[in-house]
Amino acid sequence: MIAKINNFEIDLSKPIDISIPLTNTDENPIAWYIEKPVIEPVVFGNWIGKVSEGKSSTNFNNIFFNPHGHGTHTECLGHITNDFYSINQSLKQFFFFAKLITVDPERIGDDFVITKEQVSPLVNDKVEALIIRTLPNQKEKKSRKYSNTNPPYLSEEAAIFIRESEIQHLLIDLPSVDKEHDEGKLLAHKAFWNVKDTVNLNADARLNATITEMIYVSDEIEDGDYILNLQIASFENDASPSKPILYKI
């Protein structure tokens, strides 16, 4: 099925999924020092909400997970503010003109950092969403345990450049745009959302901008321009598990 979005034609029958599925197995990626997700049937006395147990006509599971630590998720500035802001209220459009770039983070001291100098030459036209794939791009990203590994991150200057390029939606294949242990500075988050005061939010903060973390973009997907369909669940929370889908133009 061919659709036209902003004068671009895309084939809706050929989606490119760059999300990581959430499971209750050891294959699930984990960040931020938590355990793996739990997916288990509801139990009421002798009744078990699982068809294979022979006591229920339906499968009826509880799911316990953390959107920030258990896989692909999309967050709004409510992630870092004193006042409550919901991703469900912040993200009201779902199709965007997007660019995929690949960056090999630069070693700076003990860190690997995505710098402005690396990003700026690759973003030379107007896009609404920027997708950053980092090197090396092992398939292990889909099951990696990130806690206390000091993953690569985005420099504050790169985040400012992305914001000043009027990019509204940033997607990255890391657990955070910021350094794992940064003493709560959150420089890249604050720079991208233009949050100058997390307690008394400044009027020009970017309420409708989003960050999506822990995606996986396989090597078969070429750098370039795409239409992005950014799908979330309707959580009234700062973040939601999400399913970003790309379509070739």
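About the criteria used
- Residues numbered from 1 in each chain as written.
- Predicted model: local features only at pLDDT ≥ 70, side-chain atom pairs only at ≥ 80, totals over all residues.
- Heavy atoms only, no water.
- Helix = DSSP H or I, 4+ residues; strand = E, 2+ residues; numbered from the N terminus.
- Buried < 20%, exposed > 50% of the residue type's maximum accessible area, 1.4 Å probe, protein only.
- Contact = heavy atoms within 4.5 Å.
- Pairing = 2+ DSSP bridges.

1. Re the environment of Pro244
Here comes step 1: By the secondary structure assignment, Pro244 is in strand E17 (residues 239-248).
Here comes step 2: A relative accessible area of 0% places Pro244 in the buried class.
Here comes step 3: The spacing of Pro244 and Glu213 is 31 residues in sequence and 10 Å in space, taken between C-alpha atoms.
Here comes step 4: The residues touching Pro244, leaving out its near neighbours within four places in the chain, are Ile16, Asp17, Ile18, Ser19, Thr72, Leu171, Thr212, Ile215, Leu228, Asn229 and Leu230.

2. Some points on unusual backbone geometry
Peptide bonds are, in most cases, trans, and in most cases residues other than glycine have a negative phi.
Here comes step 1: A cis geometry characterises the amide bond from Leu135 onward to Pro136, with omega recorded as -5 degrees.
Here comes step 2: Despite not being glycine, Tyr33 shows a phi value in the positive range, around 70 degrees.
Here comes step 3: Looking at where Tyr33 falls in the secondary structure, it is placed in the loop between strand E3 (16-17) and strand E4 (38-41).

3. Considering the side chain of Thr72
Here comes step 1: Note that Thr72 resides in the loop between strand E7 (61-64) and strand E8 (73-75).
Here comes step 2: According to the relative accessible area criterion, Thr72 is buried, its value standing at 5%.
Here comes step 3: If sequence neighbours within four positions are ignored, Thr72 has contacts with Ile18, Ser19, Ile20, Thr212, Glu213, Met214, Ile215, Ser240, Pro241, Ser242 and Pro244.

4. Some remarks on the sheet that holds strand E11 (residues 111-114)
Sheets are built from strands that pair by backbone hydrogen bonding, the pairs being arranged parallel or antiparallel.
Here comes step 1: An order of E10-E11-E13 is seen for the three strands of this open sheet, with the pairing classed as mixed. On the outer flanks of this sheet lie strand E10 (106-108) and strand E13 (153-154), each paired with one strand and no other.
Here comes step 2: Relative to E11, E10 runs antiparallel, the two being bridged by three bridges. Each bridged residue has a counterpart across the sheet, and for Arg107 the counterpart in E11 is Phe112.

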